[in-house]
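Given next are the chains, with one letter for each unit.
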Amino acid sequence: APILWDDVKIKKFILNRFKRYLDITNECSAIENILGKKIDPGKRQPDSFRWLLNHLKDGNQIYTPRDILDYLDKARQHTLTELENDPSASLHSMFFTRNALKKAWSTVSKGKYETQLCAENPELKEYFEIFRDKKSEYTALMLESFWGDEYRDICSRLSYVGFFNKYGENWKIPFLYRPCLNIRQGKM
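Description of the structure in this document. In this text, all values refer to a predicted model and were calculated from it rather than measured experimentally.

**Section: the overall build of the chain**
Per the secondary structure count, the chain includes 9 helices and 4 strands. Taken from N to C terminus, the helices and strands of the chain fall in the order α-α-α-α-α-α-β-α-α-β-β-α-β. Compactness check: the chain gives a C-alpha radius of gyration of 18 Å against a globular reference of 16 Å for 188 residues, within 12% of the reference. Once the C-alpha set of the chain is aligned to its principal axes, its extents read approximately 55 × 35 × 35 Å. The 188 residues of the chain split such that 43% are buried. Taking all contacts inside the chain whose residues are at least 6 apart in sequence as the whole, residues at least 24 apart take part in 62%. With the model as given, the accessible surface of the chain reaches about 10,600 Å², and the carbon-plus-sulfur share is 50%. Charge separation in the chain, taken as the distance between the mean sites of 31 positive and 26 negative side-chain charges, equals 5 Å.

Structure, rendered in structure tokens:
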């Protein structure tokens, strides 16, 4: 079972990773220096820290220190590659380019899907794959059209492993698993 951490612990975890590189006494300012103000621009978009948590939590609303650390490491790798290939590329924060922060999410998504979700639940992979190249939200009727009378049981199993979460009357695939399966925002 994953270690359950709340937002405060995750923030402290991130700040501890960067404390030798910047002053972390003002946590909000330090997080902004690490991740930038916003990863996705736009008035309605969350700040970078909220974006990070939203994009790395599974359907059970769980995000782990391992995933956060993996994300930061991948963002570092992507930033270094980007700066190597284009020395004029600009940093979004003190440490990362915006493109690298987005690419890291895709890289973590793929790794988490392959090495955890599918590896630990091989009997469910055929159900995960049904959503490849589709949208992120489904009605019970749509899911019933996929699986017939078994749909409730299958939804329950997918929810249990964090691939799905109930969203009102519908079922939604969390941001974490969208890049690996090329899932677009929206309802089916």
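**Concerning the layout of surface pockets**
Each pocket or cavity is described by its volume, and for the second largest pocket that value is around 280 Å³. R17, F18, R20, Y21, L69, L72, D73, R76, F95 and F96 together form the lining of the second largest pocket. Of all the secondary-structure elements, those providing two or more residues to the lining of the second largest pocket are α1 (7-18) and α4 (65-85). Examining the composition of the lining of the second largest pocket, we find that 4 residues originate from one element, α4, more than from any other. A per-class count over the lining of the second largest pocket returns 6 nonpolar, no polar and 4 charged.

**Looking at the side chain of K11**
Note that K11 resides in helix α1. Summary of buried charges: K11 has no salt-bridge partner, and the nearest side chain of opposite charge, E27, is 5.1 Å away. Here K11 is in contact with E27, I31 and F49, once residues within four sequence places are set aside.

**Digging into the nonpolar core**
Core analysis: the largest hydrophobic core is formed by 50 residues, its most contacted members being I14, Y71, F131, L158 and F163. No other element matches helix α5 (residues 98-120), which puts 7 residues into this core. Beyond its immediate sequence surroundings of up to four residues, I14 is in contact with I31, I34, F49, L52, I68 and L72.

**Section: the pattern of salt bridges**
Between side chains of opposite charge, a pair can form when the charged atoms approach closely. For the coordinates displayed, the defined rule picks out 10 salt bridges. A salt bridge links E27 to K12; the shortest N-O distance between them is 2.4 Å. Taken together, the positions of E27 in helix α2 (residues 27-35) and K12 in helix α1 put the pair 15 residues apart, joining distant regions of the chain. On the basis of relative accessible area, E27 is assigned to the partly exposed category, the value being 27%. K12 gets classed as partly exposed once you look at its relative accessible area, which sits at 41%. The salt bridge involving D153 is made with R157; its shortest N-O contact spans 3.9 Å. Separated by 4 residues within a single helix, D153 and R157 lie in helix α8 (residues 151-160), roughly one turn from each other. Look at R157 and you get partly exposed, because its relative accessible area is 30%.

What counts and what doesn't
- Residues numbered from 1 in each chain as written.
- Predicted model: local features only at pLDDT ≥ 70, side-chain atom pairs only at ≥ 80, totals over all residues.
- Heavy atoms only, no water.
- Helix = DSSP H or I, 4+ residues; strand = E, 2+ residues; numbered from the N terminus.
- Rg over C-alpha atoms; globule rule 2.2 N^0.38 Å.
- Buried < 20%, exposed > 50% of the residue type's maximum accessible area, 1.4 Å probe, protein only.
- Contact = heavy atoms within 4.5 Å.
- Areas by Shrake-Rupley, 256 points an atom, 1.4 Å probe, with all protein chains shown as cover.
- Lys, Arg positive; Asp, Glu negative; His and termini not counted.
- Charge placed at Lys NZ, Arg CZ, Asp CG, Glu CD.
- 1 Å grid on protein atoms, 1.4 Å probe; cavity = no way out; pocket = protein on both sides within 12 Å on 5 of 7 lines; lining within 4 Å.
- Points joined across faces, edges and corners; volume = space filled by probe spheres on them.
- Nonpolar A, V, L, I, M, F, W, Y, C, P; charged D, E, K, R; others polar.
- Salt bridge = Lys/Arg side-chain N within 4 Å of Asp/Glu carboxyl O.
- Core = buried A, V, L, I, M, F, W, Y, C linked by side-chain atoms within 4.5 Å.

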